[in-house]
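Structural description and commentary
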Amino acid sequence: MDSNNSKGHNDPNRFVTVAIHTFDHAVDLKNRLEEEGIEVVLHNVNLDEKVLASGVRVRIRERDLPLALKVIESPGSSPGIKRCVLLPIDFSEFSMKSCRLGMEYARRIRGKVLLLHSYMNERHTMSLPFGSDRYESPEDDVRAIKQTAQERMAAFKKQLTSMIAAGELPKVKIETRVCEGIPEEQILHVAQQNDVSLIVMGSCGSHRKRQNVMGSVTAEVLDACKFPIFTVPIDMGEKSLADIKHVVFFSNLIQQDILSLDVFARLFDLKYIDVTIIPIVEKKDRRLVEQSLQQLVQYCREHYPECTFKTKRIAAKNFLDNFAQFARDEHIDLIAVPNKKTSIFSRLFNPSIAHRVLFQTDTPMLVVPI
């Protein structure tokens, strides 16, 4: 974990980056944090040259991080406060499982859910290069596809509304969106458009792990999205957010892990939960790894005293199989993974840990972008 403080890595007075913004947004955030008594410095900017305004780092003392994050996310502190949960659906029975968890979370944050369904016609699925229209659908068929999708969405929303009235689902506001296009592209677009708090998506889990991973919509969204994603495996039993008692947190042992952990804590009200931290590092000095791991545990215990924290080392050889066995033996309820946005080339030849775990377990997973 990096620091510009010479007193050492365990010093709570060291500065850490809490956000990266344009100059104007960074100054606005600095003012709001200072109103709460938080010391703030801006990096990567010449205050006399506002033209150098992109990528400004907002840095605070590590000890102030929990308070700073509460200020950033508190209602009324920003016009962009996130109160929307995005639920991509396909109208299947499995969609209902994702909706149940998504609506439960929306009720927790006093927000709304946005149901999204994207449909594709032959113009997308069978089009040829060089502008060929050989496989294009007649215009009447295109309209019929769209109308069918809209009718199915209306029926699905009506079903959810009836279940709310019967007390079977949490009472939250429901909005809908039906659009044409490639599902993963539409999910990313709508999430960006609505600045969502969380995306709740289904996954095939270990039940279909031999399928081509690049064919999974969820896997594609995981490695390209800048919003937290909660995955719901198809074979997961009936479970509510209140059932989450034992969480695994994959750690890269970098500064961003602290931010990811705090995002997780804000999303799920981290109280009375057992957290096992598993380091995911390669070719690093074992002594330094252990030192960094203990620093992270110390931070967690200081800032989340109502939870218990421990560490677990899993051998790199056959890591995913060994982890799957550990998750079963320890009855893990949720896997939390800091995840870095990657290029398609990287996803092909070096998929992220979140991408790989997605197809190896029937445990829900929270993916936090870093």
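Scoring rules and cut-offs
- Residues numbered from 1 in each chain as written.
- Predicted model: local features only at pLDDT ≥ 70, side-chain atom pairs only at ≥ 80, totals over all residues.
- Heavy atoms only, no water.
- Helix = DSSP H or I, 4+ residues; strand = E, 2+ residues; numbered from the N terminus.
- Buried < 20%, exposed > 50% of the residue type's maximum accessible area, 1.4 Å probe, protein only.
- Contact = heavy atoms within 4.5 Å.
- Areas by Shrake-Rupley, 256 points an atom, 1.4 Å probe, with all protein chains shown as cover.
- Core = buried A, V, L, I, M, F, W, Y, C linked by side-chain atoms within 4.5 Å.
- Pairing = 2+ DSSP bridges.
- Salt bridge = Lys/Arg side-chain N within 4 Å of Asp/Glu carboxyl O.
- pLDDT = per-residue confidence, 0-100.
- Axes fitted to C-alpha atoms, helices over the stretch in contact; angles between N-to-C directions.
- Phe/Tyr/Trp six-rings, centres within 6.5 Å; stacked < 30°, edge-to-face > 60°.
- Polar contact = N/O pair within 3.5 Å; in protein donor to acceptor, adjacent residues only side chain to side chain.
- Expected span 1.5 Å × (residues − 1).
- Arc of directions from axis to C-beta.
- Lys, Arg positive; Asp, Glu negative; His and termini not counted.

Each helix and strand in the chain was counted, giving twelve helices and 13 strands. For the chain, the proportion of its 370 residues judged to be buried stands at 47%. Of all intrachain contacts in the chain linking residues separated by at least 6 positions in sequence, the fraction that spans at least 24 positions is 78%. About 19,100 Å² of surface is accessible on the chain, with carbon and sulfur atoms providing 48% of the total.

In terms of nonpolar packing, the biggest core is built from 73 residues, with Met103 and Phe230 touching the most fellow members. With sequence-adjacent residues up to four places away left out, Phe230 is seen in contact with Leu101, Leu198, Ile199, Val200, Met201, Leu241, Phe268, Leu334, Pro364, Met365 and Leu366. In terms of nonpolar packing, the next biggest core, distinct from the first, is built from 33 residues, Ile199, Val221, Leu320 and Ala327 among them.

This part takes up the pairing of strand β12 (residues 334-339). Most of β12 sits inside the fold, with six of its six residues counted as buried. With three bridges connecting them, strand β9 (residues 246-251) and β12 associate as parallel partners. Within the sheet, the bridge partner assigned to Phe249 lies in β12 and is Ala336. Here five bridges tie β12 to strand β13 (residues 365-369), and the two strands are oriented parallel to one another. Residue pairing across strands places Ile335 opposite Met365, the latter belonging to β13.

Turning our eyes to something else, we now look at the pattern of salt bridges. If you walk through the whole model with that rule in mind, you get eight salt bridges. One salt bridge in this structure joins Arg313 and Glu290, with 3.5 Å as the shortest N-O distance. One end of the pair, Arg313, is in the loop between β11 (308-311) and α10 (319-329); the other, Glu290, is in helix α9 (residues 286-303), and 23 residues separate them in sequence. We classify Arg313 as partly exposed; its relative accessible area is 34%. Looking at Glu290, the relative accessible area reads 34%, which means it is partly exposed.

Quick look at the confidence of the model for the chain now. For residues with low pLDDT, the predicted coordinates do not support detailed interpretation. Of the residues in the chain, 77% reach a pLDDT of 70 or more, and the chain-wide mean stands at 78. Between residues 1-9, whose pLDDT stays under 50, and residues either more than four places distant or in other chains, the model counts 23 contacts. Contacts of residues 209-215 to residues separated by more than four positions or lying in other chains number nine contacts, the stretch itself having pLDDT below 50.

Read across the sheet, three strands follow the order β1-β3-β2 without closing on themselves; strand pairing throughout is antiparallel. Since the sheet does not close on itself, it has two edges, and those belong to β1 (15-21) and β2 (40-43), each with one partner. If you compare each strand with its neighbour and ignore which way they point, the axes differ by 30° on average. Examined bridge by bridge, β2 and strand β3 (residues 56-61) share four bridges and lie antiparallel to one another.

What follows deals with the sheet that holds strand β6 (residues 173-180). Taken together, ten strands build an open sheet; the order of strands is β6-β5-β4-β7-β8-β13-β12-β9-β10-β11 and the sheet is mixed. Across the chains shown, the open sheet's two edge strands, defined by having one partner strand only, are β6 and β11. Strand-to-strand, the axes of this sheet are offset by a mean angle of 25°, without reference to chain direction. By the bridge criterion, six bridges tie β9 to strand β10 (residues 274-279) in an arrangement that is parallel. Each bridged residue has a counterpart across the sheet, and for Val248 the counterpart in β10 is Thr276. Relative to strand β5 (residues 112-119), helix α6 (residues 183-194) is tilted by about 150°, and along the sheet it contacts β4 (84-88), β5, β6 and β7 (198-203).

So, about the packing of aromatic side chains. Counted by the stated rule, this structure contains six aromatic pairs. An aromatic cluster is built from Phe250, Phe319, Phe323 and Phe326, whose rings are joined through pairwise contacts.

So, on to the environment of Asp243. Relative to the elements of secondary structure, Asp243 occurs in the loop between β8 (229-233) and β9. Along the backbone, Asp243 and Asp333 are 90 residues apart, and their C-alpha atoms lie at a distance of 7.6 Å. There is a polar contact of 2.9 Å between the side chain of Asp243 and the backbone nitrogen of Ser240.

Moving on: α6. Relative to the 16 Å expected for twelve residues at 1.5 Å per residue, α6 spans 16 Å between its end C-alpha atoms, a close match to the ideal helical length. Residues Glu184, Gln186, Ile187, Val190 and Ala191 constitute the buried set of α6. Projected down its long axis, α6 shows its buried positions confined to an angular sector of 160°, all on one face. For α6, the elements touching its buried residues are β4, β5, β6, β7 and α7 (217-222). Backbone geometry just downstream of α6 places Asp195 in the positive-phi region, at approximately 45°.

Attention shifts here to the environment of Lys271. If you trace the backbone, Lys271 turns up in the loop between α8 (255-268) and β10. Separated by 36 residues in sequence, Lys271 and Cys307 have C-alpha atoms that sit 5.7 Å apart. With residues near it in sequence (within four places) discarded, Lys271 still touches Glu306 and Cys307.

So, about the side chain of Glu104. Position of Glu104 among the secondary structure elements: in helix α3 (residues 93-108). Summary of buried charges: Glu104 has no salt-bridge partner, and the nearest side chain of opposite charge, Arg108, is 4.5 Å away. If near-sequence neighbours (up to four positions away) are discounted, Glu104 is found in contact with Pro170, Ser240, Leu241 and Ala242.

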